[in-house]
Amino acid sequence: MRDYDSRHREEFLLVATCISLLPGSPHPLCPRAVVRGGQGPKHGQQCLQVPRPGARGLQGSFTRRSSQASGGGRSPNSSVINNYLEACEPLSSEPRLSRLHFHDNQRKVDYVLVYHYRKRGAHPGHGSPGHSLAIVSNGETGKDPDAGAPGDIEPGPLDALEEERKEQREEFEHNLLEAGLELEKDLESKSQGSVFVRIHAPWQVLAREAEFLKIKVPTKKRYVIKSEGSIAKTFNEILQKLSAPLKPRVPEHSNDRMKNLSYPFSREKMYLYNIQDEDTFFDNATRSRIVHEILKRTTCSRANNMMGINSLIANNIYEAAYPLHDGEYDSPGDDVNDRKLLYQEWARYGVFYKFQPIDLIRKYFGEKIGLYFAWLGLYTSFLIPSSVIGVIVFLYGCATIEEDIPSKEMCDQQNAFTMCPLCDKSCDYWNLSSACGTAQASHLFDNPATVFFSIFMALWATMFLENWKRLQMRLGYFWDLTGIEEEEEHPRPEYETKVREKMLRESDKSLVQKLGTGGTEDADDEDKLTWKDRLPGYLVNFASILFMIALTFSIVFGVIVYRITTAAALSLNKATRSNVRVTVTATAVIINLVVILILDEIYGAVAKWLTKIEVPKTEQTFEERLVLKAFLLKFVNAYSPIFYVAFFKGRFVGRPGSYVYVFDGYRMEECAPGGCLMELCIQLSIIMLGKQLVQNNVFEIGVPKIKKLFRKLKGETEPGEADSACSKHPEQWDLDYSLEPYTGLTPEYMEMIIQFGFVTLFVASFPLAPVFALLNNVIEVRLDAKKFVTELRRPDAVRTKDIGIWFDILSGIGKFSVIINAFVIAVTSDFIPRLVYQYSYSHNGTLHGFVNHTLSFFNVSQLKEGTQPENSQFDQEVQFCRFKDYREPPWAPNPYEFSKQYWSVLSARLAFVIIFQNLVMFLSVLVDWVIPDIPTDISDQIKREKSLFVDFFLKEEHETLRPTEEPARRSQGASRRSGGSPAASPVPSGQSQPGSSTSPGSQHTSV
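Residues numbered from 1 in each chain as written. Predicted model: local features only at pLDDT ≥ 70, side-chain atom pairs only at ≥ 80, totals over all residues. Heavy atoms only, no water.

**Q** Would you take a moment to explain the overall build of the protein for this structure?
**A** Across its full length, the protein holds 32 helices and 21 strands. Across the protein, every contact between residues at least 6 apart in sequence was considered, and the portion connecting residues at least 24 apart equals 79%. (Helix = DSSP H or I, 4+ residues; strand = E, 2+ residues; numbered from the N terminus. Contact = heavy atoms within 4.5 Å.)

Structural data, given as structure tokens:
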């Protein structure tokens, strides 16, 4: 064996000059360059070239061990090679060319796996110096040659667990190598620490997987996108010139009138593609996506036949898995990468006025994240017209406040409306004119313009959704998402674990054998979870959600009790009696805001836990169920206090002499004299602004910075993780590992969906809501951009055609907002009572006398014993007091019963709700019908692209077959001229040789 190894070392190994593998490493490292055919490395080449897996005679000493790791199924003729870079003399002074490549500066790092190791008997603080590297290609992970024998130390429970994880990692990495990937990893030269496994996908693997995944790639054919008509074209050119300063300076926006024909990648049709460089044909996001697909389907038999890297991470075999960022975003110099370009033109607050580089975002992060930012950008731009209309409505209220007759009547002290006491004993009679300020403020939001604004916002929501569908189709056309198929998802680790536990509970041996073959997909009922298996989880979900909703309602009721008791307590003191309503309202709203923020975080965690115990099979199903639960709980949490003020406060008070009491001596609270709309406006504005400010500044900015600081301090205090020399020049995978892991888009979408509800549901009470939403979103876009570019690890690129379940939620909120605004206008505001009075009871068709019409009489002698005001300081003796309601006077045959005016107003309110709802729904359907989901130009371009591709495909096929047909025609022509058989006049070898090539791209087909 020794002669065999030495003979092949002389044939394949050539010791090259020593190079600096790890910057700042205390020990020099000398690579052994492996070359093919005995050829030495080119001048200046600093790389480790690895022979092909099919090279003969490359069975190293680890072949037998690899076979054992893979379960004995490996062929004895398979080639395994391990290349170590060992310590030698002086290091080369030449720097690393790129921190995104293997240490040979040629193979690009497409993905990184991270795990933490702990050697047998190691204790914290015993890390050994030095740093070695093992480069593995089509073989299994090499061991550190300098590692001491572990048999001298008695193994403990942790050592056995670590050894088991190590074997599982070795098998998984061995399976990755057999899938064609190439790995590079640091040797475990210390007692404990983190190891980064770098993964590179060669061209053969990329081509194979791209064909399996049906990834669309650009062909050689480029065509001009047809322009619109002359008027539309002229308008578009003017718009382009005007918006030129707002466009980001990125290459993707330089030429948007040209497009490549795209076709799913096929190794048999390589001549269709313009493959100039195999290393750059697939961009980094596509390369990482391909590697991630391989990682997801690779199994590990030692780890209970777990499938995919997600299962191994869930079982702590690996710590993390992520693709690399394209370098640093704040690096000095003129070198520009996509990440740096995104930071300069998108992820800074200084460029808030610019459009988003959506194409570059999609290229760097993938279609799923690209669609989110496209949706957020469209939503923000649509808030501009609604904000303008909202400001106009507010200014209209300010301009007409002096002309509002009911407000003037309430402020007129000559009317002298003596009102009944607001509480028992301690409260005195009071004049309605003292509520003049509240009445005038209510007019700012309770005026005829708010009705128009409510109709406008309902149509605005419909137009926004329709325009999003059109933009989604347009992006799908330019991003080649039309016609993509739903990819088959692998089961989640938790699902596989539950299935495995179910199978182990069965006594049949065939089921246990099926476990060993990995049949956990959809084979039989025994191999999947049925509704009976999930029934306990469903019951827990149902009970927990009901409990959480009841908890929210209980907290709202608790705040109501606080308002009632605080108002009664403050009314006892003369100094605080005048500001009771303002104090109680402000403090109660702040309490509601704090409770909402706390419960938001709790409900998010609860929704995730409830979804886990349901055990969904795939990640998509898990995300959809999580979104529904989280939205339901957060919707109830955010809007319960607002619904109470809008529809329930002041409705169950009773009347003087027959009040409704919560507890003994505490009456239900009433609305202000001007109505509850002003208080609803205050409640909505404080909760909306508070959520946006606190969540943006504390949760989205502060919490990630605290986590990053904590990880940094932890890394500095942990011994043996990295030496000081390496920490001065960290690699890109080290920098990315210190970033926050990407956890999905659910928090970002959820925040915007809740805001969308604030903007649409109660817009009749707060016309300025779109303005504050617009200001928030201008910051939110750049905040999310900065988070993705600078603070998060690079997400895996995910292809998707739409935003999924979020569109259904948006559509539901838009339809629900029509009903809510109809009831706000009809029930909460005084719009309907004013209309009824003006056209049914007014003597001159105006609102003069409206306030007196809405106030009923009460005989104070009929107050219950012990509820009369004590030591009344009112100027005159009171015989009758007034209260706001439509009831019969004390001298009527049926005193204090509801009057006919009450029933007239009630019927008018219900009629308005029905008319408003049907009118707005009809207009929404009309808008939906008028605006097509697919833009006409995009529909025409899709049809045109199909015909262009047929012509291009036939042309390329003809050019490919022409070199093969020409020699045959020349041979037939020569034989006819000689009058003999074709064999009598053979074609010269020098002429027939060029015709033997199958295609111009034949150099790419042999992969």
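**Q** Sorry if this is basic, but what is going on with the state of the cysteines here?
**A** Covalent bonding between the sulfur atoms of two cysteines defines a disulfide. Applying the stated criterion across every chain, the model contains 4 disulfides. Across a sulfur-sulfur distance of 1.7 Å, Cys-423 and Cys-427 are joined as a disulfide pair. Given an S-S torsion of about 95 degrees, the disulfide between Cys-423 and Cys-427 has right-handed geometry. The residues Cys-423 and Cys-427 share a single accessibility class, namely buried. In this model Cys-671 forms its disulfide with Cys-676; the gap between the sulfur atoms is 1.5 Å. Classification of the bridge connecting Cys-671 and Cys-676 rests on its S-S torsion, roughly -85 degrees, and on that basis the disulfide is left-handed. The disulfide pattern of the protein is 1-5, 2-8, 3-4, 6-7 when the bonded cysteines are numbered in sequence order. (Disulfide = S-S within 2.5 Å. Buried < 20%, exposed > 50% of the residue type's maximum accessible area, 1.4 Å probe, protein only.)

**Q** Help me out: how do you make sense of the packing of aromatic side chains in this one?
**A** As enumerated under the stated definition, the model contains 55 aromatic pairs in all. Between Trp-346 and Phe-373 the ring centres are 4.8 Å apart and the planes differ by 80 degrees, which places this aromatic pair in the edge-to-face class. Here Trp-346 is found in the loop between helix 9 (338-345) and helix 10 (358-365), whereas its partner Phe-373 is found in helix 11 (residues 367-399), with 27 residues between them in sequence. Judged on exposure class, the residue Trp-346 and its partner Phe-373 are both buried. Centroid distance Tyr-379 to Phe-756: 6.0 Å. Interplanar angle 65 degrees. Geometry classified as edge-to-face. In this pair, Tyr-379 sits in helix 11 while Phe-756 sits in helix 24 (residues 746-761), placing the two residues 377 residues apart along the sequence. For Tyr-379, a relative accessible area of 0% corresponds to the buried category. (Phe/Tyr/Trp six-rings, centres within 6.5 Å; stacked < 30°, edge-to-face > 60°.)

**Q** Looking at this model, I keep getting lost on the confidence of the model for the protein. Mind explaining?
**A** In regions of low pLDDT, the predicted coordinates are not meant to be interpreted in detail. Averaged over every residue, the pLDDT of the protein is 76; residues scoring 70 or more account for 75%. Per-element confidence in the protein ranges from a low mean pLDDT of 31 for helix 32 (residues 1002-1005) to a high of 93 for helix 11. The low-confidence segment residues 980-1007, where pLDDT is below 50, has 26 contacts with residues more than four positions distant or belonging to other chains. (pLDDT = per-residue confidence, 0-100.)

**Q** Would you mind showing me how to read the packing of helix 11 against helix 25 (residues 769-791) here?
**A** If you want to describe how two helices pack, look at the angle between their axes and the distance between the axes. Contact geometry for helix 11 and helix 25: axes closest at 8 Å, N-to-C directions at 160 degrees. Judged by the inter-axis angle, helix 11 sits roughly antiparallel to helix 25. Considering the relative orientation of helix 11 and helix 25, their crossing is left-handed. Here Ile-369, Tyr-372, Phe-373, Leu-376, Tyr-379, Thr-380, Leu-383, Ile-384, Ser-386, Ser-387 and Val-391 of helix 11 lie close against helix 25, whose contacting residues are Pro-770, Val-771, Ala-773, Leu-774, Asn-777, Val-778, Val-781, Asp-784, Ala-785 and Phe-788. The class makeup of the residues in the contact of helix 11 with helix 25 is 16 nonpolar, 4 polar and 1 charged. (Axes fitted to C-alpha atoms, helices over the stretch in contact; angles between N-to-C directions. Parallel < 35°, antiparallel > 145°, perpendicular 65-115°, else oblique. Left-handed = near helix turned anticlockwise from the far one by under 90°. Nonpolar A, V, L, I, M, F, W, Y, C, P; charged D, E, K, R; others polar.)

**Q** For this particular structure, what's the right way to read the pattern of salt bridges?
**A** Where charged atoms from two side chains of opposite charge come close, those side chains can pair. By the definition in use, this model includes 34 salt bridges. Its salt-bridge partner being Arg-198, residue Asp-186 comes within 3.3 Å of it at the nearest N-O pair. With a gap of 12 residues between them, Asp-186 in strand 7 (residues 182-186) and Arg-198 in strand 8 (residues 192-200) connect regions that are remote in the sequence. Across the pair, Arg-198 and Asp-186 agree in class, each one buried. We note a salt bridge from Lys-649 to Glu-669, for which the minimum N-O separation is 3.8 Å. You can see Lys-649 sitting in the loop between helix 20 (619-648) and strand 16 (654-655) and its partner Glu-669 sitting in the loop between strand 19 (666-667) and helix 21 (677-717), a full 20 residues away along the chain. Among the residues examined, Lys-649 registers a relative accessible area of 2% and is labelled buried. For Glu-669, a relative accessible area of 12% puts it in the buried group. Bridged by salt links that share partners, the residues Arg-563, Lys-649, Glu-669 and Glu-679 form one connected network. (Salt bridge = Lys/Arg side-chain N within 4 Å of Asp/Glu carboxyl O.)

**Q** Help me out: how do you make sense of the packing of helix 14 (residues 448-478) against helix 26 (residues 805-828) in this one?
**A** Where helix 14 meets helix 26, the axes come as close as 10 Å, and the angle between the chain directions of the two elements is 170 degrees. The angle between helix 14 and helix 26 places the two elements in the roughly antiparallel class. From helix 14, Val-451, Ser-454, Ala-458, Ala-461, Leu-465, Trp-468 and Lys-469 reach across to helix 26, where they touch Phe-807, Leu-810, Ser-811, Gly-814, Val-818, Asn-821 and Ile-825. Here the contact of helix 14 with helix 26 is built from residues that sort into 9 nonpolar, 4 polar and 1 charged.

**Q** Is there a simple way to explain the nonpolar core in this structure?
**A** Generally speaking, a soluble globular protein has its nonpolar side chains buried in company with each other. One finds Trp-375, Tyr-379, Tyr-639 and Phe-762 to be the most contacted residues of the largest nonpolar core, which totals 119 residues. A total of 16 residues in this core trace back to one element, the largest contributor, which is helix 20. In contact with Trp-375, not counting residues within four places along its chain, are Phe-464, Trp-468, Tyr-749, Met-752, Ile-753, Ile-803 and Leu-810. (Core = buried A, V, L, I, M, F, W, Y, C linked by side-chain atoms within 4.5 Å.)

**Q** It is not clear to me how the side chain of Ser-262 should be interpreted in this structure. Could you clarify?
**A** With respect to the helices and strands, Ser-262 occurs in strand 10 (residues 258-264). Within the structure, Ser-262 has its side chain in polar contact with the side chain of Asp-480 (distance 2.6 Å). Contact partners of Ser-262, with chain neighbours within four places excluded, come to Lys-216, Val-217, Pro-218, Thr-219 and Asp-480. (Polar contact = N/O pair within 3.5 Å; in protein donor to acceptor, adjacent residues only side chain to side chain.)

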